[in-house]
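# Summary of the model geometry
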Amino acid sequence: MKTPMQELLEWIRTTLPMDLETPRMIEQKIESMLEKEREIICNAFSDARHGAVESRWTAEEYFEETFNTKER
């Protein structure tokens, strides 16, 4: 199973003409984000495993609280 970022990177590589500057810049940015994605996934697993996540939260609430994705 691939992460969404890995799937996006694969899509870019197979869909966009990589001889242009913009697709290469997008590819490089996504590659740089893969390690951060891995760290976030590992931290979420660890939080759940060690009970750091309040049991009253749903997965959606944990995501919203952790990543602060709400528009302001």
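Residue numbers here run from 1 along each chain, matching the order of that chain's written sequence. Since the coordinates come from a predicted model, pLDDT governs what is reported: local features require at least 70, and pairs of side-chain atoms require 80 or more to be given and counted, while whole-chain, interface and lining totals use all residues. With hydrogens and water stripped out, all remaining heavy atoms of the structure feed into the side-chain values.

## A look at the overall build of the protein chain
Starting at the N terminus, helices and strands are each numbered in turn, a helix being any DSSP run of H or I of at least four residues and a strand any DSSP run of E of at least two. In terms of helices and strands, the protein chain carries three helices and zero strands. Remark: exposure states derive from per-residue accessible area (1.4 Å probe, protein chains only) relative to the maximum for the residue type, with buried under 20%, exposed over 50%, and partly exposed in between. Out of the 72 residues belonging to the protein chain, those deemed buried represent 14%. Every residue pair with non-hydrogen atoms within 4.5 Å of one another is taken to be in contact. For the protein chain, restricting intrachain contacts to residue pairs at least 6 apart in sequence, the fraction spanning at least 24 positions comes to 30%.

## Details of helix α2 (residues 21-49)
Here a helix's expected span is defined as the number of its residues, less one, multiplied by 1.5 Å. Its 29 residues place the ends of α2 43 Å apart at the C-alpha level, agreeing with the 42 Å of an ideal helix rising 1.5 Å per residue. Of all the bends in α2, the greatest, near 30 degrees, is centred on L34. Among all positions of α2, only P23, E27, I30 and E37 are buried. The inward-facing, buried residues of α2 contact α1 (4-15). Of the residues flanking the end of α2, it is G51, one or two places downstream, whose phi is positive at about 75 degrees. Fitting axes to the seven residues ending at a residue and to the seven starting there, one defines the bend at that residue as the angle between these axes.

## Re the confidence of the model for the protein chain
The predictor's confidence in any single residue is recorded as pLDDT, a number from 0 to 100. Residues with a pLDDT of 70 or more make up 88% of the protein chain, whose mean pLDDT is 82. Considering each helix and strand of the protein chain separately, the mean pLDDT is smallest for helix α3 (residues 59-67), with a value of 78, and largest for α1, with 89.

## Regarding the pattern of salt bridges
Basic side-chain nitrogens of Lys or Arg form a salt bridge, by our definition, when they fall within 4 Å of a carboxyl oxygen of Asp or Glu. A complete count under the given rule lists four salt bridges for this structure. Put simply, E27 and R13 hold a salt bridge, and the shortest N to O gap is 2.5 Å. Within this pair, whereas E27 is found in helix α2, its partner R13 is found in helix α1, the two being separated by 14 residues in sequence. You can call E27 buried: its relative accessible area is 15%. In this structure, a network of salt bridges that share partners links the residues R13, E27 and E31.

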